[in-house]
Structures are given as C-alpha cells and as structure tokens.
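Breakdown of the fold
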Amino acid sequence: MGMLLRLLSQFQLSLKCYAIALALLFTFPFVLSSNVQAASLSFTYDEVNDLVGDTLQGLEIRLNNLGRFNGRNHHRKNSSYVRFKGKSISSFNVEPYNVYRLFGRTHSYYVTDIKSSVINVTAQDKSFYLSLDFELDGAELEGRCVTKVSRKRYKECNSFLPNVNFTQAKVVARLRPIAHKGSLSFYISSAKIVGDVNIEYCNSWFLGFFCTEFVQIPDKTEKLKKQIASKLKVFVNSQRMRDQVANNIREKVLGNLATVSSIQLTDDEIIVKGRLKRRRR
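To keep things clear, this report deals only with the structure shown in the data block. (Residues numbered from 1 in each chain as written. Predicted model: local features only at pLDDT ≥ 70, side-chain atom pairs only at ≥ 80, totals over all residues. Heavy atoms only, no water.)

Brief notes about a positive patch on the surface
There is a patch of like positive charges on the surface, built from Arg 72, Lys 148, Arg 151 and Lys 152. Mapping Arg 151 onto the fold places it in the loop between strand E9 (141-148) and strand E10 (154-157). (Patch = residues over 30% accessible without salt bridge, like charges linked within 9 Å, V, L, I, M, F, W, Y side chains within 5 Å. Areas by Shrake-Rupley, 256 points an atom, 1.4 Å probe, with all protein chains shown as cover. Salt bridge = Lys/Arg side-chain N within 4 Å of Asp/Glu carboxyl O. Lys, Arg positive; Asp, Glu negative; His and termini not counted. Charge placed at Lys NZ, Arg CZ, Asp CG, Glu CD. Helix = DSSP H or I, 4+ residues; strand = E, 2+ residues; numbered from the N terminus.)

See the structure below:
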C-alpha cells in the first residue's frame, strides 16, 4: 500500500507538470515561437513529501572503525561509507575514541559495523526531516586495549570497558530543498545521531558510578556520536550526492519537460521556478 501511494504521488506530480505545460502552450500561442518558456509551479509540502522519501530510499550508511590488531591499535581506516543507489558517494574515517589511559594501557571505544535500514521523511517547518534507522544487532561500541612494550612495539591487553548498545539509534537530519543543475536536490542543514545508551554492565550502584563518573562512558559516547554526525553531514552534502539526487528527481518527475532555476519556500508551499521546454516538431 505504501509503495502504491508513493507511485500515485509521483504520477500526480508529473501530471501537474505536464498539465501546466499544456496550458501554457495552448493558452498562449506566442510561446510557440520559443523553445522554452518561464514558469512557476507550486507544490504543497505533502505533495513533495512522498517523492522525497522515495528518492532517498537508496541512501545507505555504514559506520565502522574496528578491525584486527595492526601492531599498534585496532583501527580500520575509512571503513565507514555513504552510498546512494548502490554507488559509493564517499568513504570516511572515524577515529577510535580513547576513553582512558591507565597504568600505561590505552582503553578505546570502536564503532562496530552499524548499518542503516529504514528511511522515513516528514515535512515540517519549511523543511523535510529525514529519519534513518540503524540495524542494531549486538554491541554498537566495543572496547579495546593496547599497551606499549617498547619504543615502537605494542601489544593487545584486556579492556575493562563494557560493550555499549544503543536503543532506537537513528540519524535525524533536516533537509532543505535546493535548485541544483536544472533539477531539485537537498541540503542537510543539521544532523545528529540519537539513541539511548544501554550498558547492562553498569546497572549496579557501584558500577554505575564507575561508568558515569570515573570512565564517563555516556558523556564520551555523546561526543563520539557528534563526531560521526558532523562527518555524515559533510559527506551527504557532497557535490556527488547532490548530483545523484538531482538526476533521480529529473528522471522521476521532470524528464525533458522542464529545468529548475530556483526554489522559494513559503509556510504552505514550495514554489519551483524554471523553464518549461516545448517539444520540437
């Protein structure tokens, strides 16, 4: 049913574009002397909402920086990525988060293969809010320990850090529609990772004090989430990602009918300004 509604929404948008084009061509004969004609199309946020959600269904995010011990630490560089419609937009690096140095040992948290799953989009406050849920299976953060045994030699050690699980972890991003390369695309104005920290190891009074006050796991976890959200915002806003979204919307809605030059947001409508193309005879 959801897919049927999205298809109907896309059809309605395309039909509206063609209807306005036909009205211009048949109502104003002088338009026929030119290959293009300026036009302004108005859409409600609800009309565009399903299109946005459908367009972004191909967005995939993987967060990871844990690998095998490499002689110095467990850091696997550039193992996080953003993909769209199966095409890699960018891979990026998430640094391990050093929680504590104690008795010559460094205890660090690593992100362990968190992947996005379900995407939801809602319209609100002249924007679209993207909610990207993560598949949560096992620990999301794992502790590792290394100790220095000589000037250039390290070895693994037992970490006292408990595994950290997230409850209902997701990326929440605010999207602003923009005109891009003759089509419609989006810019992420803000992004954050939300989710409650769940550490069963820390449930008792003593261990709760140890986790929150001594090691400060919740505070350090929040800082790690902010670091990741900041990087996601940069890479999802990349030129390549904007191009992919613009091309997708052009194929789904605009086709060879129109090019978009600017977008104006009001409280109730998205006003798309551009040029309608007349088919050559």
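The structure having been displayed, the exposition proceeds.
As for unusual backbone geometry
The bulk of non-glycine residues show a negative phi, and the bulk of peptide bonds are trans. A positive phi angle, near 55°, is found at Lys 85, a position not held by glycine. With respect to the helices, strands and loops of the structure, Lys 85 is situated in the loop between strand E3 (80-84) and strand E4 (87-92).

Observations regarding the nonpolar core
Counting 56 residues, the largest nonpolar core has Leu 63, Phe 128 and Leu 232 as its most contacted members. With 6 residues, the single largest contributor to this core is helix H4 (residues 217-236). Leu 63 has contacts with Ser 80, Phe 92, Val 111, Thr 112, Asp 113, Ile 114, Phe 134, Ile 193, Ile 228 and Leu 232, leaving out every residue within four places of it along the chain. (Core = buried A, V, L, I, M, F, W, Y, C linked by side-chain atoms within 4.5 Å. Buried < 20%, exposed > 50% of the residue type's maximum accessible area, 1.4 Å probe, protein only. Contact = heavy atoms within 4.5 Å.)

Brief notes about helix H5 (residues 239-254)
Along an α-helix, residues three or four positions apart point the same way, because every turn accommodates 3.6 residues. Inspection of H5 places Met 241, Asp 243, Gln 244, Val 245, Ala 246, Asn 248, Ile 249, Val 253 and Leu 254 among the buried residues, and these make up the whole buried set. Just past H5, the residue Gly 255 takes up positive phi, approximately 55°.

Details of the pairing of E3
The element E3 is largely enclosed, with a buried count of 4 among its 5 residues. Two elements, strand E2 (residues 59-63) and E3, share 4 bridges in a ladder whose sense is antiparallel. Within E3, the residue paired with Glu 60 across the bridge is Arg 83. Of the pairings in the sheet, the one linking E3 to E4 comprises 5 bridges and is antiparallel in character. Across the sheet, the residue bridging to Val 82 is Ser 90, located in E4. Joining the antiparallel neighbours E3 and E4 is a turn of 2 residues, in which Lys 85 adopts a positive phi near 55°. (Pairing = 2+ DSSP bridges.)

Description of the packing of aromatic side chains
Given two aromatic rings, one states the distance between the centres and the angle between the planes to describe the pair. Going through the model one piece at a time under the given rule, you end up with 3 aromatic pairs. Consider the rings of Phe 92 and Phe 235, whose centres lie 5.2 Å apart with planes at 20°: the pair is stacked. Taken together, the positions of Phe 92 in strand E4 and Phe 235 in helix H4 put the pair 143 residues apart, joining distant regions of the chain. With relative accessibility at 23%, the residue Phe 235 sits in the partly exposed group. Ring-pair connections join several aromatic residues into one group, and the members of that group are Tyr 45, Phe 128 and Phe 186. One residue, Arg 83, lies across the ring of Tyr 81, its end atom 4.1 Å from the ring centre. (Phe/Tyr/Trp six-rings, centres within 6.5 Å; stacked < 30°, edge-to-face > 60°. Lys NZ or Arg CZ within 6 Å of the ring centre and 35° of its normal.)

Focus on the state of the cysteines
Evaluation of the coordinates by the stated rule reveals 1 disulfide. Sulfur-sulfur distance for the disulfide between Cys 145 and Cys 157 comes to 1.9 Å. The disulfide joining Cys 145 to Cys 157 has a torsion of about -80° about its S-S bond and is therefore left-handed. Taken together, the residues Cys 145 in strand E9 and Cys 157 in strand E10 connect sequence positions 12 residues apart. Cys 157 matches Cys 145 in its accessibility class, with the two residues each being buried. (Disulfide = S-S within 2.5 Å.)

Describing the sheet that holds strand E6 (residues 105-111)
Pairing in this open sheet of 4 strands is antiparallel, and the strands run E5-E6-E9-E10 from one edge to the other. Looking at strand neighbours, the two that pair on one side only are strand E5 (97-102) and E10, the edges of this open sheet. Each adjacent strand pair in this sheet contributes to an overall mean axis angle of 30°, direction not counted. Inspection of the sheet shows E6 paired to E9 by 7 bridges, in the antiparallel sense. The residue of E9 that forms the bridge with His 107 is Cys 145. In the packing of H4 onto the sheet, the strands contacted are E5, E6 and E9, and the crossing angle to E5 comes to about 145°. (Axes fitted to C-alpha atoms, helices over the stretch in contact; angles between N-to-C directions.)

Description of the pattern of salt bridges
Applying the stated criterion to the full structure yields 6 salt bridges. A salt bridge links Asp 267 to Lys 126; the shortest N-O distance between them is 3.6 Å. On the criterion of sequence distance, the pair formed by Asp 267 in the loop between strand E13 (258-265) and strand E14 (269-277) and Lys 126 in the loop between strand E7 (114-124) and strand E8 (127-135) is long-range, its members being 141 residues apart. Using a relative accessible area of 32% as the deciding quantity, one classes Lys 126 as partly exposed. Among the ionic pairs, Glu 222 bridges to Lys 225, the shortest N-O distance being 2.8 Å.

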